[in-house]
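As a plain string of letters, each chain reads:
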Amino acid sequence: RLSDIDVKKQRLFVRLPNKTMVEAWVPFHDKTLMFLKIRLSERDSKLSHDFLLCSDRGTPFSTSRLRDTITRVLCKETHKHKYNDEGLDSFSTHRLRHLMASRLVAGGANAAAIMSIGRWASFSAMQGYSQVDDAVKSRGYTEAMVKARQNREKPTTTTASFRKFVNSPSLLPKAS
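Report on the accompanying structure. (Residues numbered from 1 in each chain as written. Predicted model: local features only at pLDDT ≥ 70, side-chain atom pairs only at ≥ 80, totals over all residues. Heavy atoms only, no water.)

Bringing the overall build of the protein chain into the picture now. Within the protein chain, the secondary structure is distributed over 7 helices and 5 strands. Going from the N terminus to the C terminus, the protein chain shows its helices and strands as β-β-β-α-α-β-β-α-α-α-α-α. Counting over 176 residues, the protein chain shows a buried share of 21%. Sequence-distant contacts in the protein chain: of pairs separated by 6 or more residues, those separated by 24 or more amount to 28%. Summed over all atoms, the accessible surface of the protein chain reaches about 13800 Å², with 56% contributed by carbon and sulfur. (Helix = DSSP H or I, 4+ residues; strand = E, 2+ residues; numbered from the N terminus. Buried < 20%, exposed > 50% of the residue type's maximum accessible area, 1.4 Å probe, protein only. Contact = heavy atoms within 4.5 Å. Areas by Shrake-Rupley, 256 points an atom, 1.4 Å probe, with all protein chains shown as cover.)

A grouping of M34, F35 and I38 is seen on the molecular surface, where their side chains present a nonpolar patch of about 290 Å² in accessible area. Mapped onto the elements of the fold, F35 is located in helix 1 (residues 30-42). Taking relative accessible area as the criterion, F35 reaches 49% and is therefore assigned partly exposed. (Patch = residues over 30% accessible without salt bridge, like charges linked within 9 Å, V, L, I, M, F, W, Y side chains within 5 Å. Salt bridge = Lys/Arg side-chain N within 4 Å of Asp/Glu carboxyl O.)

A word on the sheet that holds strand 2 (residues 11-14). The strand order across the open sheet formed by 3 strands is 1-2-3, and the pairing between neighbours is antiparallel. At either margin of the open sheet sits one strand with a lone partner, and together these are strand 1 (5-6) and strand 3 (24-27). Pairing analysis gives 4 bridges linking strand 2 to strand 3, with the strands arranged antiparallel. Paired with R11 across the bridge in strand 3 is P27. (Pairing = 2+ DSSP bridges.)

This paragraph deals with the packing of aromatic side chains. For the structure shown, the criterion picks out 2 aromatic pairs. For the ring pair W120 and Y129, a centre distance of 4.9 Å and an interplane angle of 40° mean the geometry is tilted. Owing to a relative accessible area of 11%, Y129 belongs among the buried residues under this scheme. Sitting above the plane of the Y83 ring, R72 keeps its charged end 5.8 Å from the centroid. In this structure, R97 packs its charged tip against the face of Y129, placed 5.1 Å from the ring centre. (Phe/Tyr/Trp six-rings, centres within 6.5 Å; stacked < 30°, edge-to-face > 60°. Lys NZ or Arg CZ within 6 Å of the ring centre and 35° of its normal.)

Set out below in structure tokens:
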């Protein structure tokens, strides 16, 4: 619905019912914003409802009709009817949760951010959705090792040492 879209903050409201049964505002990508603006410019402003996606007649799509329409646009065939020779073999909106989590991991997002965006209640639930490929593993390892090396090479900024206090008990604070 239009009321669930915040174009300025580039986010949308996820209503109930949903996979996690948690309502939340979630961000969306710049590419989504671009296509959203196109759709908003094409949408008939005289419609009596605030649904973003609707039929050619202006009636809101039912959930199943919307799913069938998206599948018809994206897939090679659906219900044994050929539609798009260069389309996907299959499509599932649920797979988008897996894709989102995996792309956030690949982009370097921290676990707390990914859990919040995906509305997962536990780290293990989020892990089930996010795939970490070899390139991400390698990059994570390399970045961690560079940070570890930099931490080892930094000169210590402390001038006091434990040994100094042990050798000169007069420098220790007086007990009260």
